[in-house]
Amino acid sequence: GVGGQGIMLIGKMLCEAAVGKGYQVTFAPTYGQEKRGGRTSCQIVISDSVDSPVISEADTVLIMDEKSLDDFKDRVKKGAYLIINSSMIDTELTRDDINIIKVPINDIASEIGNPKSANIVALGVALKYIDSVSLEDIKEYLGKIFKGSAVEKNKEALQTGYNYK
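Quick caveat, the model's predicted, so the values are computed rather than measured.

Caption draft 1: Region of interest: the environment of aspartate 65. Along the chain, aspartate 65 falls in the loop between β3 (58-63) and α2 (66-72). Taking the relative accessible area as the measure of exposure, aspartate 65 reaches 7% and is therefore buried. Expressed as a C-alpha distance, the spacing of aspartate 65 and phenylalanine 27, which sit 38 residues apart in the sequence, is 21 Å. The contact partners of aspartate 65, leaving out residues within four places of it in the chain, are Gly1, Val2, Gln5, Arg39, Met88 and Ile89. A distance of 3.1 Å separates polar atoms of two side chains, one belonging to aspartate 65 and the other to arginine 39.

Caption draft 2: Here's a closer look at the packing of aromatic side chains. Applying the stated criterion to the full structure yields 1 aromatic pair. With a centroid separation of 4.5 Å and an interplanar angle of 35°, the aromatic rings of tyrosine 81 and tyrosine 129 are classed as tilted. With tyrosine 81 in strand β4 (residues 76-85) and tyrosine 129 in the loop between α4 (118-127) and α5 (135-145), this pair connects stretches of sequence that are 48 residues apart. Looking at tyrosine 81, the relative accessible area reads 28%, which means it is partly exposed. On the basis of relative accessibility, which here comes to 22%, the residue tyrosine 129 falls in the partly exposed class.

Caption draft 3: Local environment of helix α6 (residues 149-163). In a regular helix each residue adds 1.5 Å, so 15 residues correspond to 21 Å; α6 covers 21 Å between its end C-alpha atoms and thus fits that length. Considered for burial, the residues of α6 that qualify are Val151, Asn154, Ala157, Leu158 and Gly161. Considered in projection along α6, the buried side chains sweep an arc of 130° and stay on one side of the axis. For α6, the exposed residues set more than 90 degrees away from the buried face come down to Ser149 and Glu152. Next to the buried residues of α6 lie α4 and α5. Backbone geometry just downstream of α6 places lysine 165 in the positive-phi region, at approximately 55°.

Caption draft 4: Summary view of the pairing of β3. Direction of pairing for β3 relative to β4: parallel, over a ladder of 5 bridges. Looking across to β4, one finds that leucine 62 is bridged to isoleucine 83. Crossover handedness for the path β3 to α2 to β4: right-handed.

Procedures and definitions
Residues numbered from 1 in each chain as written. Predicted model: local features only at pLDDT ≥ 70, side-chain atom pairs only at ≥ 80, totals over all residues. Heavy atoms only, no water. Helix = DSSP H or I, 4+ residues; strand = E, 2+ residues; numbered from the N terminus. Buried < 20%, exposed > 50% of the residue type's maximum accessible area, 1.4 Å probe, protein only. Contact = heavy atoms within 4.5 Å. Polar contact = N/O pair within 3.5 Å; in protein donor to acceptor, adjacent residues only side chain to side chain. Phe/Tyr/Trp six-rings, centres within 6.5 Å; stacked < 30°, edge-to-face > 60°. Expected span 1.5 Å × (residues − 1). Arc of directions from axis to C-beta. Pairing = 2+ DSSP bridges. Right-handed = clockwise from strand over helix to strand, strands pointing away.

In structure tokens:
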């Protein structure tokens, strides 16, 4: 995604929840050189043992904007999942060796009255394709980073993303 979309936050949440379950985890963030709106990404490895902190192909890739799709569409392993934020991406991919999941992430966040929670909606969607961390694991973790009514609003965003389709 781009800076401000909350990609790093959901990456850290996923990692923290996985560590809490006893997994070995690596988190490799990348930031663009722009001060605002620059490209951001994080590469995460969750495993019983981490042989390499860097991966060339992923089991699940979440893409939040058009430019990121260009940069990362080829990093999806055959048979794996590419989740596309169709609220911001119009490009049609022609790969037939992967599972392409299109979700209007920003639209969903707006519909539930919490546009800033698009990243949490996206995390909810991604959790359907990640075996190591469950929806309940992340719901528990939300209370550690959000306070007050933000906890329930983000739980709703997470659940709504998870329930999509």
